[in-house]
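Take a look at the letters that make up each chain.
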Amino acid sequence: MEEITYGQAVRDAMREEMYRDENVFLMGEDIGVYGGAFGITSGMLNEFGEERVRDTPISEAGFVGAGVGAAMVGMRPIVEIMFSDFVTMCFDQIVNQAAKIRYMLGGQVSVPLVIRTPGGSGTGAAAQHSQSLEALFAHIPGLKVVMPANAYDAKGLLKSAIRDDNPVLFFEHKLLYKKKVSVPKEDYTVPFGVADIKRSGGDVTIAATSIMVSRAQEAAEKLSNEGIECEVIDLRTLVPFDRETVVGSVKKTGRLVIVQEACKRGGFSSEVAAEIVESEAFDYLDAPIKRVAGKNIPIPYCIELEKAAVPQVEDIITDTKTVLY
Amino acid sequence: MAVELLMPKMGMTMEEGTIIKWHKMEGDWLKKGEIVLEIQTDKVKMEIESPEEGVLLKVLAGEGDVVPVNKPIAYIGEQGEEIAIPETSESADSEVAVAEKADTSPQQTAAGSSEPGSKIKATPAAKRLAREKGIDLSNIKPGGPNGRVIAADVESIKATPLAQRIAQEKNIDLSEIKGSGVNEKVRSEDLEDKADTFVEEIKEVSVQPLKGLRKVVAERMSRSWDNAPHASINLEVDMSEMSRFREKVSPVMEKKKGLKVSYNHLLIRVLAQALKDHPELNARFIDNGIEYCDQVNIGIAVATEDGLIVPVLHGAELMDVEQIVVRADELIKKARHGELVLSELEGGSFTISNLGMYGIKSFTPIINPPEVGIIGAGAIKEQPVVENGTIVIKSITTLSLSFDHRAVDGAQAALFLSHVKELLEEPFRLI
């Protein structure tokens, strides 16, 4: 075991998979010479050469499309989109092509494509570089959606994504890149569809994704000082969604708070809430389900307003208390 | 299109089934063939599988409910599908649930609630607990925001079931009563001041509702007693020869099969022969007449923790003692562990009931319908017997035969029983 950063974990996962399988290669803007906008692919051009670490023109639709094609003929491309906001440039390639081809060709081809992209706010990068767009893709049948919250999961989930025969949207978080946790040196994967209970508690369930997991854990620590025991669940993958773990927890606690950074309207937290209301956990709910989410606004440039636009630890504490009466 | 899940008819005699346990809840997704619930038929416990893939849309009968065969107990279909339930008994409840905005919708108010605008707000958890505890939510003081009853409010109600019922009848808020019972539990006495019109003394009596095997036994015994005119005859039998035979054969069997030979086994062997010789006793009284059975299928009455159960040893007339010992012991073991399958409970043509191990001398067994005869075996006891003018000690038992006088006459029954006596007293006749 060794403490490494989330960014290092992503790099290690890619490197190890590239040594394991010669069909794995990288494409993206500035990932070669420059080492990636966040330095994730730093050094990989020298290590693997231009054939396998390919700098692309500024044309997301073009190189994601190339990735879909390469995947169809047996390669395992990992495509980096510099900011997750730019996925909107290649919606057709992802939604109409990658997600549909295997189905429409009756399973004759598959699309083992990974699209890695950092999302989230907190860097003062304003409205076009700070969004959390995972719900758009969770809505599309044929795509898997993964949101690791720490270095361990980042490495294990990325390996699962690369080995998966279907297109996977892999949402990293800019603010998590520097965060360290212990990660084993030996090969491991984290399976899709298995949520992680970060902390056990009997009073309220807090389900969170990505950077909101650590904020929920911090909120839970503080609430614990007041005698409130929260069960914090990291969903890890939105598609597939680990309904069973959340249902089981809510049956125990009777209360559910869902935390996401994305704006509230149409977010994945609404999907979780609906799943729970439709499940056998309904009869155990003793309070309304609470969504703690971003405001329904573009992310502001002003650093204080940016903070106010997305859930902070204090927001999670305040909102969690509204369901504890 | 939603499909009905019916209470199955698992045998000719099954008229209704009791729901033991639901393994699935409304809203659960069912795979075809998945276990949905467990029922008790008139004979065995059974698991019922889902006939279709789909969502368990509606459960019509709860655990403990008794449902006639071929009546619907649940609906399976697609999520959100409308279902038409023929009976109206359920509709009152669902209308209460619909009357959400009672004050803005007078029509719904009239259907759902007797007091306009008095819709009780409670969390799903509180409603579930109230349902489980049989508490009326209107008697609970809401502790949540917006006048909402929460689970803790329901849990805080500590009252005896009787007190809860009185409180409901007299419209008393239990949370305002200080209880005099253990842990301040509210007892019926505590409500007397509040309910001044309540003078009648009600003693709490523990009535165990008839269900499961108890109910089945009760019904079958009543039916037999009401329909079949019982006549009983008793005969003393000298078991000395049989006793000697048993002492010799039992160690052999124990060595060979690890099983002991009991008087019951030997009695079955003798009955198999006697019933073959007297087919009028090896019969079933059915709707359109008397069915004389080709095989001798002997039911063995077994007392279990749940009640009386009668597994059937089929084809006893073709079995030797060893086969009888093995099969009878297997059936008795299965009966005690509730592992009998339906075919092992059906098709009996005669029954044997043995109370000898309790020291009972003789008794009047009740016929196991639709059979026409049952033999009751009493204890074997050494007794002085006058033989050729001298007193000798012999091992004596009393056999009691009850028969259905519609099918069998006294003389036939007497001949049969004396033949049984003859075979028991002179076992060599079996050869």
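Relevant structure appears above.
This one's a predicted model, so the numbers in the text were calculated from it and none came from an experiment. (Residues numbered from 1 in each chain as written. Chains lettered and ligands numbered in written order. Predicted model: local features only at pLDDT ≥ 70, side-chain atom pairs only at ≥ 80, totals over all residues. Heavy atoms only, no water.)

Points about the pattern of salt bridges
The final tally for this structure, using the stated rule, is 41 salt bridges over all chains. We note a salt bridge from A:Asp286 to A:Arg255, for which the minimum N-O separation is 3.8 Å. A residue pair is termed long-range when its members are at least 10 positions apart, and A:Asp286 in the loop between helix H10 (268-278) and strand E14 (290-294) and A:Arg255 in the loop between helix H9 (243-253) and strand E13 (256-263) qualify at 31 residues. With respect to class, A:Asp286 is no different from A:Arg255; both count as buried. A salt bridge links B:Arg429 to B:Glu426; its shortest N-O distance comes to 2.5 Å. The class of B:Glu426 is partly exposed, set by a relative accessible area of 29%. Through salt bridges with shared partners, a single ionic network connects A:Glu16, A:Glu17, A:Arg20, A:Lys155, A:Lys159, A:Arg163 and A:Asp187. (Salt bridge = Lys/Arg side-chain N within 4 Å of Asp/Glu carboxyl O. Helix = DSSP H or I, 4+ residues; strand = E, 2+ residues; numbered from the N terminus. Buried < 20%, exposed > 50% of the residue type's maximum accessible area, 1.4 Å probe, protein only.)

Concerning the pairing of E14(A)
All names here are of chain A. Direction of pairing for E13 relative to E14: parallel, over a ladder of 4 bridges. Among the inter-strand pairings, Val257 is bridged to a residue of E14, identified as Lys290. Note on the crossover from E13 through H10 to E14: the handedness is right-handed. (Pairing = 2+ DSSP bridges. Right-handed = clockwise from strand over helix to strand, strands pointing away.)

A closer look at the sheet that holds strand E2 (residues 16-22) of chain B
Residue and element names in this part refer to chain B. A sheet is described by the order of its strands in space; here 4 strands give the open sequence E5-E4-E2-E7, paired in antiparallel fashion. The open sheet terminates on both sides in strands that have one partner only, identified here as strand E5 (45-49) and strand E7 (66-68). In this sheet, neighbouring strand axes are inclined to one another by 40° on average, regardless of whether the strands run parallel or antiparallel. This element, helix H6 (residues 212-227), spans E2, strand E4 (35-40) and E7 of the sheet and lies at about 175° to E2. (Axes fitted to C-alpha atoms, helices over the stretch in contact; angles between N-to-C directions. Contact = heavy atoms within 4.5 Å.)

Some details on empty space enclosed by the protein
Residues and elements named next belong to chain A. Evaluated as defined, the whole model comprises 3 cavities of 30 Å³ or more. Considered as a void within the structure, the largest cavity measures approximately 100 Å³ in volume. Lining of the largest cavity is provided by 17 residues; of these, Ser132, Glu134, Met147, His173 and Ser210 occupy positions nearest its centre. Element by element, the count of residues in the lining of the largest cavity is highest for strand E7 (residues 168-173), at 3 residues. Tallied by class, residues from the lining of the largest cavity come to 6 nonpolar, 8 polar and 3 charged. Approximately 50 Å³ is the volume found for the second largest cavity. Glu134, Ala207, Ala208, Thr209, Leu235, Leu238, Ile258, Val259, Gln260, Phe268, Ser269 and Val272 are the residues that line the second largest cavity. Looking at the lining of the second largest cavity, the elements with two or more residues in it are strand E10 (204-208), E13 and H10. (1 Å grid on protein atoms, 1.4 Å probe; cavity = no way out; pocket = protein on both sides within 12 Å on 5 of 7 lines; lining within 4 Å. Points joined across faces, edges and corners; volume = space filled by probe spheres on them. Nonpolar A, V, L, I, M, F, W, Y, C, P; charged D, E, K, R; others polar.)

Re helix H3 (residues 60-72) of chain A
Residue and element names in this part refer to chain A. A rise of 1.5 Å per residue sets the reference length of H3, with its 13 residues, at 18 Å; its end C-alpha atoms lie 18 Å apart and thus fit the reference within 8%. Residues Glu60, Phe63, Val64, Gly65, Gly67, Val68, Ala70 and Ala71 constitute the buried set of H3. Just past H3, the residue Gly74 takes up positive phi, approximately 110°. (Expected span 1.5 Å × (residues − 1).)

With respect to the interface of chain A and chain B
If you look at the interface, chain A gives 9 residues, while chain B gives 14 residues. Here chain A and chain B share an interface that buries about 990 Å² over both sides, 57% of which is from carbon and sulfur atoms. In terms of surface lost to chain B, no three residues of chain A exceed A:Asp283, A:Asp286 and A:Tyr325, which account for 55% of the buried area on that side. Between A:Asp283 and B:Arg131 there is a salt bridge; the shortest N-O distance is 3.8 Å. The interface formed by chain A and chain B holds 6 residue pairs in polar contact (both at pLDDT 80 or more) in total. Looking at the side of chain A that touches chain B residue by residue, the class counts come to 6 nonpolar, no polar and 3 charged. (Buried area = accessible area lost by both parts, 1.4 Å probe. Polar contact = N/O pair within 3.5 Å; in protein donor to acceptor, adjacent residues only side chain to side chain.)

Considerations on the sheet that holds strand E4 (residues 76-80) of chain A
All names here are of chain A. The strand order E3-E2-E4-E5-E7-E6-E12 describes an open sheet built from 7 strands, whose pairing is mixed. Two strands lie at the open edges of the sheet, namely strand E3 (53-55) and strand E12 (237-239), each paired on one side alone. If you compare each strand with its neighbour and ignore which way they point, the axes differ by 20° on average. The sheet contact formed by strand E2 (residues 24-28) and E3 spans 3 bridges and is parallel. Among the inter-strand pairings, Leu26 is bridged to a residue of E3, identified as Val53. Each of E2, E4, strand E5 (114-119), strand E6 (144-146), E7 and E12 is contacted by helix H7 (residues 151-163), which is oriented at about 160° to E7, the strand it contacts most.

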